[in-house]
There are 4 protein chains.
Amino acid sequence: MDDLLQLGKQALASQPFSVFVGAELTGFSPGWAELTIPITPQLKQQHGFVHGGVISYAADNALTFVGGTVLGTAVVTSEYKINYLRPATGTALIARATVIYSSKTQAVCRCDVFVVDEGEERLCAVSQGTIARISQSSEAQA
Amino acid sequence: MDDLLQLGKQALASQPFSVFVGAELTGFSPGWAELTIPITPQLKQQHGFVHGGVISYAADNALTFVGGTVLGTAVVTSEYKINYLRPATGTALIARATVIYSSKTQAVCRCDVFVVDEGEERLCAVSQGTIARISQSSEAQA
Amino acid sequence: MDDLLQLGKQALASQPFSVFVGAELTGFSPGWAELTIPITPQLKQQHGFVHGGVISYAADNALTFVGGTVLGTAVVTSEYKINYLRPATGTALIARATVIYSSKTQAVCRCDVFVVDEGEERLCAVSQGTIARISQSSEAQA
Amino acid sequence: MDDLLQLGKQALASQPFSVFVGAELTGFSPGWAELTIPITPQLKQQHGFVHGGVISYAADNALTFVGGTVLGTAVVTSEYKINYLRPATGTALIARATVIYSSKTQAVCRCDVFVVDEGEERLCAVSQGTIARISQSSEAQA
């Protein structure tokens, strides 16, 4: 495993909520991040689909991580929007994020969230947002 | 407790992920919904603040619930955007959502998320999105 | 007319596109901006309603201006989202923007766009976005 | 010129605001739309860059048109968000939109806006939104 991915996995492991949800960093290189979340019963809503909040978490965090690949480790998601496309049912969520544009202080990124069902991936949400670099003195939420 | 709030609490209790996160419905009337989430260690990120994913969950779910007060119980969040304003640290998150406009099939809603810290509320995120009514045959994610 | 409003009117008059569209600054104070656009035939789409692009312009520019009331004159809209609520028909558009939160370098703002029809105002769009302060050396789009 | 592009050009020509701004439909096929806007002095802001409102118009209208390629001609943009990436200066704006997902009643689409400067294209804004099919009886804004 390369050093950057190792670094990213440590960062993810240091977030109690990411551990709680069961997220894994499965891809991490400059301009690219992939989070995978095995779908467990506690991540669902009342109809048996993955809760939208989990999909949002996945998009938000993948956006933060991909921003970190170009801005450094001290980054936060400033804002994002997400469109849910279809109910998510299957064995895992995969959130894939890319950097569209970056300056010294912020990056605009997109993230597509897929659900894996019987070995097939289906796009279930798309998002777009801004990741900001923060100074050491004002480190904020992931 | 009034009937509508009781109904809402049952709906929330039927969402495994909402139970997992520890969300409580503390306000629910036509055009108004309030979710409260006690801040526990597992909801944080690496710097001790509430993870952005939890704040997104709170906004998303409060938006869904407030949409449900005007559209009926079979609703989903179609899309939303959120701006994080400041790191959230304290004892509880409170997400307050209102309906801005609704038609027969969808509602545009806003949600403000506050953090309660030493008895004081501070606004930590603002969001806006669309809630859609779904037919029984295509019930989808919350 | 107060000095700040006078200053804002000059800024708006210096934007060729705002003059082209016929926008007027009708309110401008710390944390508050109002743009009014008389509805003329060239601002419409094929069904006789105000074109969405005009409503977006109004929201975007009111957001920029209100951000400027707290951040200074060198500001740009970094990003925003808008929900259209109903077709706009009438005599004028009014975009009213407020500052929700501001730091030294950026402000999160909301803007509601109304259409005036037979003396009555109806909400036709709602928006939310981020306004950023720019350094003199990198002044950018309004 | 193929029939679909011809149809799209007629639709654009029927929008007074699009004619006013000088937009041209330069690409139109199932799931794909491209709008080109020659940059003229009246489309600028006070620093000589294309006004953000023009870029928003371009994104919004390209999103509407691309939605129309899969949903039929009676469509409106319900909502969208846009991130501005850099000041736009050059000879023309090009807005390129694609359909990410569509159901019978709506489509989620993305649009990238480029500026052409000395023969080179640079990405200056990215957007994402929802296009909705409207019934004949409630045709609304483009």
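## A word on the pattern of salt bridges
And step 1. Here the structure, examined in full by the defined rule, presents 20 salt bridges over all chains.
And step 2. Of the charged contacts in the structure, one is a salt bridge between A:E34 and A:R96, with a shortest N-O distance of 2.8 Å. Remark: A:R96 occurs in strand 4 (residues 92–102) and A:E34 occurs in strand 2 (residues 32–38); sequence separation between them is 62 residues.
And step 3. For C:K81, the salt bridge goes to B:E79, with nearest N and O atoms at 2.7 Å. Taken as a pair, C:K81 in strand 3 (residues 75–84) and B:E79 in strand 3 (residues 75–84) lie in two separate chains rather than in one.
And step 4. Linked by salt bridges that have partners in common, A:E79, B:K81, C:E79 and D:K81 make up one network.

## Thoughts on empty space enclosed by the protein
And step 1. On inspection of all chains with the given rule, the structure shows two cavities of 30 Å³ or more.
And step 2. Empty space within the largest cavity amounts to approximately 70 Å³.
And step 3. Taken together, B:S78, B:E79, B:Q106, B:V108, B:T130, C:N83, C:Y84, D:S78, D:E79, D:Q106 and D:T130 form the lining of the largest cavity.
And step 4. Grouping the constituent residues of the lining of the largest cavity by class yields two nonpolar, seven polar and two charged.
And step 5. Taken as a whole, the second largest cavity encloses approximately 50 Å³ of empty space.
And step 6. A:S78, A:E79, A:Q106, A:T130, C:S78, C:E79, C:Q106 and C:T130 are the residues that line the second largest cavity.
And step 7. Taken together, the elements giving at least two residues each to the lining of the second largest cavity come down to strand 3 (75–84) of chain A together with strand 3 of chain C.
And step 8. Across the lining of the second largest cavity, the residue classes break down as no nonpolar, six polar and two charged.

## What about the environment of C:T130?
And step 1. Mapped onto the elements of the fold, C:T130 is located in strand 6 (residues 120–133).
And step 2. Taking the relative accessible area as the measure of exposure, C:T130 reaches 5% and is therefore buried.
And step 3. Put simply, C:T130 and C:Y80 are 50 residues apart on the chain and 6.3 Å apart in space, counted from C-alpha to C-alpha.
And step 4. Not counting residues within four places of it along the chain, the set of residues in contact with C:T130 comprises A:E79, B:N83, C:V76, C:T77, C:S78, C:E79, C:Q106, C:A107 and C:V108.
And step 5. A polar contact is formed between the side chain of C:T130 and the side chain of C:E79, at a distance of 2.5 Å.

## Some thoughts on the interface of chain A and chain B
And step 1. Across the contact, 40 residues belong to chain A and 40 residues belong to chain B.
And step 2. When the two sides are added together, the surface that chain A and chain B hide from each other amounts to roughly 3400 Å², 57% of it contributed by carbon and sulfur.
And step 3. Our count for the chain A to chain B interface comes out at two salt bridges.
And step 4. Remark: the boundary between chain A and chain B carries 21 residue pairs in polar contact (both at pLDDT 80 or more).

## Observations concerning the confidence of the model for chain A
And step 1. This prediction gives chain A a mean pLDDT of 94; 94% of its residues lie at or above 70.
And step 2. Contacts for the low-pLDDT stretch residues 137–142 of chain A, under 50 throughout, to residues beyond four places or in other chains number 30 contacts.

## Thoughts on the sheet that holds strand 3 of chain A
And step 1. Across the sheet, twelve strands lie side by side as 1(A)-2(A)-4(A)-5(A)-6(A)-3(A)-3(B)-6(B)-5(B)-4(B)-2(B)-1(B); this open sheet has antiparallel pairing. With one partner strand each, in any of the chains shown, strand 1 (24–29) of chain A together with strand 1 (24–29) of chain B form the two edges of the open sheet. The sheet shows a mean angle of 20° between the axes of neighbouring strands, taken without regard to direction.
And step 2. One ladder, built from twelve bridges, connects strand 5 (residues 106–117) of chain A with strand 6 (residues 120–133) of chain A; its direction is antiparallel. Counterpart to A:R110 in the pairing with strand 6 of chain A is A:Q128.
And step 3. Contacts from helix 1 (residues 3–13) of chain B reach strand 1 and strand 2 (32–38) of chain B, with the element oriented near 140° to strand 1 of chain B.
And step 4. Relative to strand 3 of chain B, helix 3 (residues 52–71) of chain B is tilted by about 135°, and along the sheet it contacts strand 3 of chain A together with strand 1, strand 2, strand 3, strand 4 (92–102), strand 5 (106–117) and strand 6 (120–133) of chain B.

## Description of the packing of helix 1 of chain B against helix 3 of chain B
All names here are of chain B.
And step 1. Helix 3 packs onto helix 1 with a crossing angle of 135° between their chain directions and a minimal axis gap of 12 Å. When the axis of helix 1 is compared with that of helix 3, the two are oblique. The two elements helix 1 and helix 3 cross, and the hand of that crossing is right-handed. On helix 3, the residues touching G8, A11 and L12 of helix 1 are Y57, N61 and F65.
And step 2. Along the lines of polarity and charge, the residues of the contact of helix 1 with helix 3 split into four nonpolar, two polar and no charged.

## Remarks on helix 3 (residues 52–71) of chain A
Residues and elements named next belong to chain A.
And step 1. Taking 1.5 Å per residue, 20 residues should reach 28 Å; helix 3 reaches 28 Å between its end C-alpha atoms and fits that length.
And step 2. Judged by how many residues are buried, helix 3 sits mostly within the fold: 19 of 20 residues are covered.
And step 3. A positive phi of about 100° marks G72, the residue just after helix 3.

## A few points about the relation of the copies chain A and chain B
Here the two chain copies are tied together by a rotation about an axis and a shift along that axis.
And step 1. With an RMSD of 0.0 Å, the fit of chain A onto chain B corresponds to turning through 180° and sliding 0.0 Å along the axis. Between the two chains, the operation in question is that of a two-fold axis. Rotation axis and chain A: the residue whose C-alpha lies nearest the axis is A:K81, separated from it by 1.9 Å.

## Observations concerning the packing of aromatic side chains
And step 1. What the rule picks out here adds up to 16 aromatic pairs over all chains.
And step 2. Between D:F17 and D:Y57, the aromatic rings sit 5.4 Å apart at their centres with planes inclined by 85°, giving edge-to-face as the arrangement. Placement of the pair is D:F17 in helix 2 (residues 16–21) and D:Y57 in helix 3 (residues 52–71), with a sequence separation of 40 residues.
And step 3. The class of D:F17 is buried, set by a relative accessible area of 0%.
And step 4. Site record: aromatic cluster; members linked through ring pairs are A:F17, A:F20, A:Y57, B:F17, B:F20 and B:Y57.
And step 5. For B:R96, the ring lying beneath its charged end belongs to B:F114, and the centroid distance is 5.0 Å.

Basis of the calculations
Residues numbered from 1 in each chain as written. Chains lettered and ligands numbered in written order. Predicted model: local features only at pLDDT ≥ 70, side-chain atom pairs only at ≥ 80, totals over all residues. Heavy atoms only, no water. Salt bridge = Lys/Arg side-chain N within 4 Å of Asp/Glu carboxyl O. Helix = DSSP H or I, 4+ residues; strand = E, 2+ residues; numbered from the N terminus. 1 Å grid on protein atoms, 1.4 Å probe; cavity = no way out; pocket = protein on both sides within 12 Å on 5 of 7 lines; lining within 4 Å. Points joined across faces, edges and corners; volume = space filled by probe spheres on them. Nonpolar A, V, L, I, M, F, W, Y, C, P; charged D, E, K, R; others polar. Buried < 20%, exposed > 50% of the residue type's maximum accessible area, 1.4 Å probe, protein only. Contact = heavy atoms within 4.5 Å. Polar contact = N/O pair within 3.5 Å; in protein donor to acceptor, adjacent residues only side chain to side chain. Buried area = accessible area lost by both parts, 1.4 Å probe. pLDDT = per-residue confidence, 0-100. Pairing = 2+ DSSP bridges. Axes fitted to C-alpha atoms, helices over the stretch in contact; angles between N-to-C directions. Parallel < 35°, antiparallel > 145°, perpendicular 65-115°, else oblique. Left-handed = near helix turned anticlockwise from the far one by under 90°. Expected span 1.5 Å × (residues − 1). Least-squares fit on C-alpha atoms with pLDDT ≥ 70 in both. Phe/Tyr/Trp six-rings, centres within 6.5 Å; stacked < 30°, edge-to-face > 60°. Lys NZ or Arg CZ within 6 Å of the ring centre and 35° of its normal.

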